[in-house]
Amino acid sequence: MKRPLLRRVLQAFVDIRELTLIVLIAAIIIVMSNVNPYFLSFSNFRAVAVGMAPTAIIVIGMAILLASGGFDLSVGSVMALSSTVVAMLLLTGMPIPLAVVCGLVLGGIVGVVNGLLVTGLGINPLIATLGTMSIARGIALVLTEGFSVSSLPASFAWIGKADIGGFPVIVLFTILLVVLFDLAVRHTRFFRQVYFIGANEKAAMLSGIHVTRVRIILYALTGILAALAGVLLASRLMSGTPTAGNGIELQVLAAAVIGGASLRGGEGTILGAFLGVVFVALINNTMTMLAVSIYWQMIVIGGVLVTAVALDMLIRSKRG
């Protein structure tokens, strides 16, 4: 009787990725709190939470895209472009709400372009978003000549630096977005279509789902969320940085896959992707506290991504 019970418990950890991540996150916290007492401090957790907020916002869109069978490599560049454009608009005297809306619209436009390239022209998402990644980053660098845009209005800092009850607004806002999108993905008809498309696109089309329209909307949503992350980052740093988000697409993909999303589509949750972001952020924080070189941190994150994908493929092959 003990063996079947143990097998069921282990199977639950494999099937419920969120449960596995919660255990791993708890293990990291317990081990590091004994290695470095500062790790468990409120100031450290605050720094980690604030730092991972932009990634957590972007991973919402990436997780939904992966569930539909697509992905977007341009999110980091869109984040930088939105950051710089909003900063430049603010310097012209444009009201903050209008400048923020313009930044979000810009992200949505890039997302729609990605969607049209993938669905309309049939370009592979890797090539399409790799191209827009280069274009968006190039535009940000051309507009700023490679320099950060600073001297922003003091009132703009509220979005990224304010606290409510001792908790950063940016973190509370991120958690709210995660909860809302997780509920929407689980309980709304539109987002349930995403999983049908990712699992079997032809069957989804035959069932009456407008696959092209849904995919374009998803790419637009991902672009808007990446732009929102750029706005929040600009507010926190009080500058628009054309090099912001460089390499963040790797972290976002790693977090989403670790959280249960599949590169083949049809699976994954927002909560799992968010926990994946927390897991990756804690690994980075742990290596920083252990004085591990930033270059080694990049190697570790890349290794985590490859391992997560390999394990995911192994598990799915055994199920099949």
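Scroll up to find the structure this text is about.
Below or above, wherever it landed, is the structure these notes cover. None of these values were measured; they are calculated from a predicted model. (Residues numbered from 1 in each chain as written. Predicted model: local features only at pLDDT ≥ 70, side-chain atom pairs only at ≥ 80, totals over all residues. Heavy atoms only, no water.)

Points about helix α3 (residues 42-67)
Turning to step 1, where the next piece is worked out: With 26 residues, α3 extends 35 Å between its outermost C-alpha atoms, agreeing within 8% with the 38 Å of an ideal straight helix rising 1.5 Å per residue.
Turning to step 2, where the next piece is worked out: Of all the bends in α3, the greatest reaches close to 45° and is centred on Ala-53; the proline Pro-54 follows between one and four positions later.
Turning to step 3, where the next piece is worked out: Across the 26 residues of α3, 20 count as buried, placing the element largely inside the fold.
Turning to step 4, where the next piece is worked out: Downstream of α3 by a residue or two, Gly-69 has a phi angle that is positive, lying close to 95°. (Helix = DSSP H or I, 4+ residues; strand = E, 2+ residues; numbered from the N terminus. Expected span 1.5 Å × (residues − 1). Bend = angle between axes of the 7 residues up to and from the residue. Buried < 20%, exposed > 50% of the residue type's maximum accessible area, 1.4 Å probe, protein only.)

Section: empty space enclosed by the protein
To find leftover empty space, a probe the size of one water molecule is rolled over the atoms.
Turning to step 1, where the next piece is worked out: Tallied over the entire structure, the rule returns one cavity of 30 Å³ or more.
Turning to step 2, where the next piece is worked out: Size it by volume and the largest cavity reaches roughly 40 Å³.
Turning to step 3, where the next piece is worked out: Lining the largest cavity, in full, are Ala-63, Ile-64, Ala-67, Val-185, Phe-191, Val-194, Tyr-195, Gly-268, Thr-269 and Ile-270.
Turning to step 4, where the next piece is worked out: Within the residue set of the lining of the largest cavity, elements represented by two or more residues are α3 and α9 (189-199).
Turning to step 5, where the next piece is worked out: Its residues assigned to classes, the lining of the largest cavity shows eight nonpolar, two polar and no charged. (1 Å grid on protein atoms, 1.4 Å probe; cavity = no way out; pocket = protein on both sides within 12 Å on 5 of 7 lines; lining within 4 Å. Points joined across faces, edges and corners; volume = space filled by probe spheres on them. Nonpolar A, V, L, I, M, F, W, Y, C, P; charged D, E, K, R; others polar.)

Regarding helix α6 (residues 125-144)
Turning to step 1, where the next piece is worked out: Over its 20 residues, α6 runs 28 Å from end to end, which matches the ideal 28 Å to within 8%, given 1.5 Å per residue.
Turning to step 2, where the next piece is worked out: For α6, the full list of buried residues reads Pro-125, Ala-128, Thr-129, Thr-132, Ala-136, Arg-137, Ala-140 and Thr-144. The arc that holds every buried residue of α6, seen down its axis, measures 150°, which confines them to one face. Residues of α6 that are exposed and point over 90 degrees away from its buried face: Ile-127, Ser-134, Ile-135 and Val-142.
Turning to step 3, where the next piece is worked out: Elements that come into contact with the buried residues of α6 comprise α4 (75-91), α5 (96-120) and α11 (211-237).
Turning to step 4, where the next piece is worked out: The opening residue of α6, the one whose side-chain oxygen lies 2.8 Å from the backbone nitrogen of Leu-126, is Asn-124.
Turning to step 5, where the next piece is worked out: At the exit of α6 stands Glu-145, carrying a positive phi of roughly 55°. (Arc of directions from axis to C-beta. Contact = heavy atoms within 4.5 Å. Polar contact = N/O pair within 3.5 Å; in protein donor to acceptor, adjacent residues only side chain to side chain.)

Brief notes about the environment of Pro-97
Turning to step 1, where the next piece is worked out: Structurally, the position occupied by Pro-97 is in helix α5.
Turning to step 2, where the next piece is worked out: Residue Pro-97 is classed as exposed on the basis of its relative accessible area of 57%.
Turning to step 3, where the next piece is worked out: The sequence separation of Pro-97 and Phe-156 amounts to 59 residues, and the corresponding C-alpha distance is 9.6 Å.

A closer look at unusual backbone geometry
Turning to step 1, where the next piece is worked out: At Met-238, a position not held by glycine, the phi torsion is positive, near 55°.
Turning to step 2, where the next piece is worked out: One can find Met-238 in the loop between α11 and α12 (248-258).
Turning to step 3, where the next piece is worked out: Unusually for a residue other than glycine, Ala-291 sits at a positive phi of about 60°.
Turning to step 4, where the next piece is worked out: Residue position: Ala-291 is located in the loop between α13 (270-289) and α14 (294-319).

What to know about the pattern of salt bridges
Turning to step 1, where the next piece is worked out: Going through the model one piece at a time under the given rule, you end up with four salt bridges.
Turning to step 2, where the next piece is worked out: Here Arg-186 makes a salt bridge to Glu-18, at a shortest N to O gap of 4.0 Å. Here Arg-186 is found in helix α8 (residues 169-187), whereas its partner Glu-18 is found in helix α2 (residues 17-35), with 168 residues between them in sequence.
Turning to step 3, where the next piece is worked out: Close ionic contact of Asp-163 with Arg-46 constitutes a salt bridge, the shortest N to O distance being 3.0 Å. Placement of the pair is Asp-163 in strand β1 (residues 163-164) and Arg-46 in helix α3, with a sequence separation of 117 residues.
Turning to step 4, where the next piece is worked out: A residue is classified by how much of its surface remains accessible, and Asp-163, at 37% relative accessible area, is partly exposed.
Turning to step 5, where the next piece is worked out: In the salt-bridge network here, residues are joined through shared partners; they are Glu-18, Asp-182 and Arg-186. (Salt bridge = Lys/Arg side-chain N within 4 Å of Asp/Glu carboxyl O.)

Description of the packing of α3 against α12
Turning to step 1, where the next piece is worked out: Contact pair α3 / α12: the axes reach a minimum separation of 9 Å and the direction vectors enclose 60°. As judged from the angle between their axes, α3 and α12 are oblique. In the crossing of α3 with α12, the sense of the turn from one axis to the other is right-handed. Counting all contacts with α3, which are made through Thr-55, Ile-58, Val-59, Met-62 and Leu-66, the residues of α12 involved are Ile-248, Val-252, Leu-253, Ala-255 and Ala-256. (Axes fitted to C-alpha atoms, helices over the stretch in contact; angles between N-to-C directions. Parallel < 35°, antiparallel > 145°, perpendicular 65-115°, else oblique. Left-handed = near helix turned anticlockwise from the far one by under 90°.)

Structural notes on the packing of aromatic side chains
Turning to step 1, where the next piece is worked out: Per the counting criterion, the structure on display carries four aromatic pairs.
Turning to step 2, where the next piece is worked out: With a centroid separation of 5.8 Å and 75° between ring planes, the pair formed by Phe-39 and Phe-45 is classed as edge-to-face.
Turning to step 3, where the next piece is worked out: Owing to a relative accessible area of 30%, Phe-45 belongs among the partly exposed residues under this scheme.
Turning to step 4, where the next piece is worked out: Their ring planes at 75° and their centres at 6.4 Å tell us that Phe-181 and Phe-191 sit as a pair that is edge-to-face. Of this pair, Phe-181 sits in helix α8 while Phe-191 sits in helix α9, and the two are 10 residues apart along the sequence. The same class applies to Phe-181 and to Phe-191, which are both buried.
Turning to step 5, where the next piece is worked out: In this structure an aromatic cluster arises from ring pairing among Phe-181, Phe-190 and Phe-191. (Phe/Tyr/Trp six-rings, centres within 6.5 Å; stacked < 30°, edge-to-face > 60°.)

Focus on the side chain of Thr-55
Turning to step 1, where the next piece is worked out: Mapped onto the fold, Thr-55 is located in helix α3.
Turning to step 2, where the next piece is worked out: Under the relative-accessibility criterion, Thr-55 is labelled buried at 9%.
Turning to step 3, where the next piece is worked out: The residues touching Thr-55, leaving out its near neighbours within four places in the chain, are Ile-248, Val-252 and Val-277.

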